[in-house]
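Fold and geometry: a report
Single-letter residue listing:
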Amino acid sequence: MEYRRLGRTDLNVSLICLGTMTWGQQNTEAEGHAQMDYALDRGINFFDTAELYPIPPKSETQGATERFIGSWFKARGTRDKVILATKVVGRSDNTWFRDDGSKAELSRAQIEEAVNKSLKRLGTDYIDLYQIHWPDRPMPWGSNPTIFRHQEGNSHPVAETVEIMTSLVKAGKIRHFGLSNESAWGTMSFLKHADSKGSARVQSIQNAYNLLNRTYEVALAEVTTHENVSLLAYSPLAQGYLTGKYLDGARPAGARTTLFDRGQRYENPTAEAAIRKYLALAREFGLDPAQMALAFVNSRPFVTSNIIGATSMEQLKTDIASVDVTITPELEKRINAIHVEHCNPCP
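Residues numbered from 1 in each chain as written. Predicted model: local features only at pLDDT ≥ 70, side-chain atom pairs only at ≥ 80, totals over all residues. Heavy atoms only, no water.

1. Section: the packing of aromatic side chains
By convention here, two paired aromatic rings are described through the distance between centres and the angle between planes. Condition: A pair of aromatic rings is counted whenever rings of Phe, Tyr or Trp (Trp by its six-membered ring) have centres within 6.5 Å, and the orientation is called stacked for planes under 30 degrees apart, edge-to-face for over 60 and tilted otherwise. Secondary structure follows DSSP: runs of H or I at least 4 residues long count as helices, runs of E at least 2 residues long count as strands, and numbering of each begins at the N terminus. Either the NZ atom of lysine or the CZ atom of arginine qualifies as a charge over a ring when it sits within 6 Å of the ring centre and within 35 degrees of the ring normal.
Taken as a whole, this structure holds 9 aromatic pairs when the rule is applied. Ring geometry for tyrosine 209 against phenylalanine 296: centres 6.4 Å apart, planes inclined by 15°, an arrangement best described as stacked. Within this pair, whereas tyrosine 209 is found in the loop between strand S8 (202-208) and helix H6 (220-227), its partner phenylalanine 296 is found in helix H9 (residues 289-298), the two being separated by 87 residues in sequence. Members of the aromatic cluster, connected to one another through ring pairs, are Tyr209, Tyr216, Phe296 and Phe302. The side chain of arginine 79 reaches across the aromatic face of tyrosine 126, ending 4.1 Å from its centre. Cation over ring: arginine 300 sits above phenylalanine 296, and NZ or CZ is 4.2 Å from the ring centre.

Printed below as a string of structure tokens:
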């Protein structure tokens, strides 16, 4: 397993990060424990979770994933072997996260409540990386989130959030903080306020990055490379679509899109054409399509860790083994040719 430095910290995290969002819905506690056992044995020292998990979010399952990790720490005595990342939700109309039934927002009271609950569920007294799951301000979600359209709405100032996170670092509850689903402007705003005040600095950003969505390369890659902010790439298999299992409307039993019908982002004619070409390319080079897609993410110089997620041990083993796959110059050239022809069909 390869290890890369997280931001400007002294932490070296595994190139593969174990994602956990299916635990508590698609996976049982025992299955989650088995995945963590195997991942740790293969050299993975970086786990990512969230107060929101499992996905899809529901009031009755919220927090189960963190509890599963906490019970594993207690049973195995492995807390000191894991660099642990979790997240606080951004602004949301959902009311089940907070004890008083308030809609979620990044106020000091809500962030402090969230971190205290996560610490309790995880059975630990510190979190290595505490991430803002999505921004507090209105953001262009929807059919094309890459096109900026200004939206009015309530928001807590970035400077205020930086100072809240700094206070959590000083209190010893978190070691570092990061962002998720953030823009280049948002990332620079956090860095500007931190650097001007000597406050806690953003160390990472967790955004989607895969063969069907390379929008991170447009602006954020330059920002985070120069500022030493680590990309933790999520959805590297495009919710499984890059394996080809959903082609021609197929719905395999137990698969996420089959169960939850949440894959619309990856369902359009351009995406399907691109997927077919990536699958054919993998076959031509004698590679497993999932491993080729993951190895591409692994190979990017601006990626610090690639967050995988699996519902079966077979999937987990395949995904982790992507570290042994090399993206040769010829293969990269062919991948980029497909990308030029079908550029970011699923932003």
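2. Notes on the packing of helix H3 (residues 108-122) against helix H4 (residues 158-170)
Basically, it comes down to this: Between N-to-C directions, angles cover 0 to 180 degrees, with each direction set by a line fitted to C-alpha atoms, over the stretch in contact for helices. What makes a crossing left-handed is the near helix being turned counterclockwise from the far one by less than a right angle; a clockwise turn instead makes it right-handed. Any two residues whose heavy atoms approach within 4.5 Å are treated as being in contact. Only Asp, Glu, Lys and Arg are considered charged in this grouping, and only Ala, Val, Leu, Ile, Met, Phe, Trp, Tyr, Cys and Pro are considered nonpolar; every other residue, Gly among them, is considered polar.
With their axes 10 Å apart at the nearest point, H3 and H4 run at an angle of 35° to one another. Remark: the crossing between H3 and H4 carries right-handed chirality. Residues Arg108, Ile111, Glu112 and Val115 of H3 touch H4, and the partners they reach there are Glu163, Ile164, Met165, Ser167 and Leu168. Per-class residue counts for the contact of H3 with H4 are 5 nonpolar, 1 polar and 3 charged.

3. Structural notes on the side chain of arginine 300
Under the convention used in this document: Under the rule applied, a polar contact is a pair of N or O atoms within 3.5 Å (in protein, one hydrogen donor and one hydrogen acceptor; residues adjacent in sequence only if both atoms are side-chain atoms).
By the element assignment, arginine 300 lies in the loop between H9 and strand S10 (303-308). A distance of 2.7 Å separates the side chain of arginine 300 from the side chain of serine 299, its partner in a polar contact. Residues within four places of arginine 300 in sequence aside, it is in contact with Arg4, Tyr209 and Glu332.

4. Notes on the nonpolar core
Here is the rule we go by: For our purposes a nonpolar core is just a set of buried Ala, Val, Leu, Ile, Met, Phe, Trp, Tyr and Cys residues, chained together by side-chain atoms within 4.5 Å. Relative accessibility thresholds used throughout: buried, under 20% of the residue-type maximum; exposed, over 50%; partly exposed, between the two (1.4 Å probe, protein chains only).
Judged by nonpolar contacts, the single largest core of 81 residues is most densely connected at Phe47, Tyr130, Met165, Leu212 and Tyr278. In contact with methionine 165, not counting residues within four places along its chain, are Val88, Ile111, Tyr130, Ile132, Ile174 and Phe177. Ranked by size, the runner-up nonpolar core spans 10 residues in total, among them Leu6, Val13, Cys17 and Ile83.

5. Some points on the sheet that holds S8
The condition is simple: A pair of strands counts as paired when DSSP detects no fewer than two bridges linking them.
A barrel is described by the order of its strands in space; here 8 strands give the closed sequence S3-S4-S5-S6-S7-S8-S9-S10, paired in parallel fashion. Neighbour to neighbour, the strand axes of the sheet diverge by 30° on average, direction disregarded.

6. A word on the pattern of salt bridges
This is how the line gets drawn: Any carboxyl oxygen of Asp or Glu that lies within 4 Å of a side-chain nitrogen of Lys or Arg is treated as forming a salt bridge with it.
Inspection of the entire model under this criterion finds 24 salt bridges. The shortest N-O distance in the salt bridge between aspartate 136 and arginine 91 comes to 3.0 Å. On the criterion of sequence distance, the pair formed by aspartate 136 in the loop between strand S6 (127-132) and H4 and arginine 91 in the loop between strand S5 (83-88) and H3 is long-range, its members being 45 residues apart. Arginine 108 is the partner of glutamate 112 in a salt bridge, and the nearest nitrogen-oxygen pair spans 3.4 Å. Of this pair, glutamate 112 and arginine 108 are both found in helix H3, 4 residues apart, which corresponds to roughly one turn of the helix. Judged by its relative accessible area of 31%, glutamate 112 is partly exposed.

7. Concerning H6
For the record, the criterion: Arc definition: directions from the helix axis to the C-beta atoms.
Residues of H6 that are buried include every one of Leu220, Ala221, Val223, Thr224 and Glu227, and no others. Relative to the axis of H6, the buried residues are bounded by an arc of 165° and lie together on one face. Among the exposed residues of H6, those pointing more than 90 degrees away from its buried face are Glu222 and His226. Where H6 is buried, its residues contact helix H5 (184-197) and S8. Two residues or fewer past H6, asparagine 228 is found with a positive phi of approximately 55°.

8. What to know about the environment of histidine 339
Position of histidine 339 among the secondary structure elements: in helix H11 (residues 329-341). For histidine 339 and serine 196, which are 143 residues apart along the polypeptide, the C-alpha to C-alpha distance reads 39 Å. For histidine 339, the contacting residues outside a window of four places in its chain are Arg214, Tyr278 and Asn344.

9. Considerations on helix H10 (residues 313-320)
For H10, every residue scored as buried is listed here: Leu316, Asp319 and Ile320. Buried residues of H10, seen end-on, are gathered within an arc of 95° and therefore sit on one face of the element.

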